[in-house]
Amino acid sequence: VIGKGMNPPKKIPFPPEKIYMDWRQKRRPGAGLYNLGSTCYLNVILQCLTYTPPLANYLLSRQHSRFCHQQGFCMMCIMEAHVRKVLYSSASAIRPRAVIRDLRCKQFQVLQQVFFPSLRGELLTSSSVIGEFKPDLPGDAYEFLRCTLSAMHRACLSGSNDLDISSQGTTIIHQIFRGILRSRVTCLSCKTVSDFYLAFLDVLLKIKGASSLTTALDDFVKPKQMDGKKCVNCSKCKKKVAASKKVTIHREPRVLTVCLGRADERTSRKISQVVEYSEYLDLRPYMSDTAGEPLLYSLYAVVVHSGHTCLEGHFFCYTKASNGQWYKMNDVTVDSCGIHTVLGQQAYLLFYAR
């Protein structure tokens, strides 16, 4: 059994009992966001995070900024100020200048290089590529989401140099978004089983040939044959052998973020097929332990990419506000809509909450 962070944490920076999954305050939807020059990919992620109830509850309480001693760039403080401005503003739309300004910050760019060192190029990518976010250049919403959550997590760890790996996984960000994957490798010769564990903040699914989210998840947990160049070293056979590998969700996150990879791995062309998804999702069939009560999740945000290719187009999103009503958020415009409209989209990112 191999996996970093699987031991019980020695310290818990943010106790899970302080997480409130339901909105603590109910209000009308907040402001739209101006597009400041190809920033639609930023706007959709800012809006989806703003309407993530447990995160919004925490940011609105100002618990982080009241005790933050970080000098200079702090993504948690930036997001706290942004969420408060969006939800408390009387204006129909605001300019997210603070977020845009800090994208040029050297510390933020360093985080991009740490978490996403490969070359930037394709939007809607099936591999996490990232470069330097620039307001005047198109970017990818999924890349920005991953980098933003990583930056917020790092901000939560600022000044906590004595935390072991398991304890580092208990920040407010990881308490909300983090889950654990189990990769079970079985030697086809001697049947020896080895388990490997990996933390995740989102699940990236291949959708080519998948008609629905559930069929894509079925394929995700389907055992894969590992032979030829993919043979693995067996500790018992003492040589490289053919094996079977099955990846399952071992520990479910409170908020499940799913990316439907719409870039074809071979051609990089956009996969525009319809992938059906429902308002409610049972995660139990995709867990390591499939027995037990259903693990029900409720959809609260959807990111959509419109455009014929991966390198151009426009992002907009649908979010469920604290009043229970769905809204289409397309930069400055915020329009109410029904759940049937939400479920009929060519989705790119799906956000589900327990």
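Use the structure listed above.
What counts and what doesn't
Residues numbered from 1 in each chain as written. Predicted model: local features only at pLDDT ≥ 70, side-chain atom pairs only at ≥ 80, totals over all residues. Heavy atoms only, no water. Helix = DSSP H or I, 4+ residues; strand = E, 2+ residues; numbered from the N terminus. Buried < 20%, exposed > 50% of the residue type's maximum accessible area, 1.4 Å probe, protein only. Contact = heavy atoms within 4.5 Å. Expected span 1.5 Å × (residues − 1). Salt bridge = Lys/Arg side-chain N within 4 Å of Asp/Glu carboxyl O. Polar contact = N/O pair within 3.5 Å; in protein donor to acceptor, adjacent residues only side chain to side chain. Pairing = 2+ DSSP bridges. Core = buried A, V, L, I, M, F, W, Y, C linked by side-chain atoms within 4.5 Å. Axes fitted to C-alpha atoms, helices over the stretch in contact; angles between N-to-C directions.

A. Seen up close, the overall build of the protein. Counting secondary structure elements, the protein contains eleven helices and 16 strands. Taking all 354 residues of the protein together, 50% fall into the buried category. Put simply, 68% of the contacts in the protein that link residues at least 6 apart link residues at least 24 apart.

B. Expanded view of unusual backbone geometry. One non-glycine residue with positive phi stands out, namely Ser38, at about 60°. Note that Ser38 resides in the loop between strand 1 (32–33) and helix 1 (40–50). At Arg62, a residue that is not glycine, the phi angle is positive and equals roughly 60°. With respect to the secondary-structure elements, Arg62 resides in the loop between helix 2 (53–61) and helix 3 (63–67). Taking the relative accessible area as the measure of exposure, Arg62 reaches 41% and is therefore partly exposed.

C. Just helix 4 (residues 75–88), in detail. For helix 4, built from 14 residues, the straight-helix expectation of 20 Å at 1.5 Å per residue is met to within 8% by its first-to-last C-alpha distance of 20 Å. Buried residues of helix 4: Met75, Met76, Ile78, Met79, Glu80, His82, Val83, Val86 and Leu87, and no others.

D. Structural detail: the pattern of salt bridges. On inspection of all chains with the given rule, the structure shows five salt bridges. Here Arg184 makes a salt bridge to Asp195, at a shortest N to O gap of 2.8 Å. A residue pair is termed long-range when its members are at least 10 positions apart, and Arg184 in strand 3 (residues 179–187) and Asp195 in strand 4 (residues 193–200) qualify at eleven residues. The salt bridge involving Asp264 is made with Lys208; its shortest N-O contact spans 2.6 Å. A residue pair is termed long-range when its members are at least 10 positions apart, and Asp264 in the loop between strand 10 (255–261) and strand 11 (280–282) and Lys208 in the loop between strand 5 (203–206) and helix 10 (213–221) qualify at 56 residues. On the accessibility criterion, Asp264 (10% relative accessible area) is buried. Since its relative accessible area comes to 63%, Lys208 is described here as exposed.

E. Up close: the environment of Gly307. Within the secondary structure layout, Gly307 lies in the loop between strand 12 (296–306) and strand 13 (314–320). C-alpha of Gly307 to C-alpha of Ser272: the two residues are 35 residues apart in sequence and 9.1 Å apart in space. Setting aside chain neighbours within four positions, we find Gly307 in contact with Lys270, Glu312 and Gly313.

F. How the structure looks around the side chain of Asn57. With respect to the secondary-structure elements, Asn57 resides in helix 2. Separated by 2.9 Å, the side chain of Asn57 and the backbone oxygen of Tyr20 make a polar contact. With sequence-adjacent residues up to four places away left out, Asn57 is seen in contact with Tyr20, Asp22, Trp23 and Arg24.

G. Region of interest: the environment of Arg184. A relative accessible area of 31% means that Arg184 is categorised as partly exposed. Separated by 59 residues in the primary sequence, Arg184 and Ala243 have C-alpha atoms spaced 10.0 Å apart. Once you skip the residues sitting within four places of it in the chain, Arg184 turns out to touch Val193, Ser194, Asp195, Ser244, Lys245 and Lys246. Engagement of the side chain of Arg184 in a polar contact is seen with the side chain of Asp195, the distance being 2.8 Å.

H. Spatial organisation of the pairing of strand 4. Summarising the sheet, strand 3 and strand 4 pair through eight bridges and their orientation is antiparallel. Among the inter-strand pairings, Val185 is bridged to a residue of strand 4, identified as Ser194. Taking the residues between adjacent antiparallel strands as the criterion, strand 3 and strand 4 are bridged by five residues, where Lys191 takes a positive phi near 70°.

I. Looking closely at the nonpolar core. Counting 59 residues, the largest nonpolar core has Met76, Ile172, Ile173, Phe177, Val303 and Leu349 as its most contacted members. Looking at this core, the element that brings in the most residues is helix 7 (residues 141–156), giving nine residues. Excluding residues that lie within four positions of it along the chain, Ile172 makes contacts with Phe14, Ile19, Tyr58, Met76 and Cys156. By size, the runner-up hydrophobic cluster in this structure holds 35 residues, among which are Leu295, Cys337, Leu350 and Tyr352.

J. Spotlight on the sheet that holds strand 9 (residues 243–251). If you walk across this open sheet you meet the four strands as 4-3-9-6, and the pairing is antiparallel. Every other strand in the sheet has two partners, leaving strand 4 and strand 6 (224–226) as the edge strands with one partner each. Adjacent strand axes in the sheet meet at a mean angle of 30° when their direction is disregarded. Of the strand pairs in this sheet, strand 6 and strand 9 are connected by three bridges, and their pairing is antiparallel. Bridge pairing in strand 9 links Gln225 to Ser244. The strands touched by helix 10 within the sheet are strand 3, strand 6 and strand 9, with strand 9 carrying the most contacts at an inclination of about 125°.

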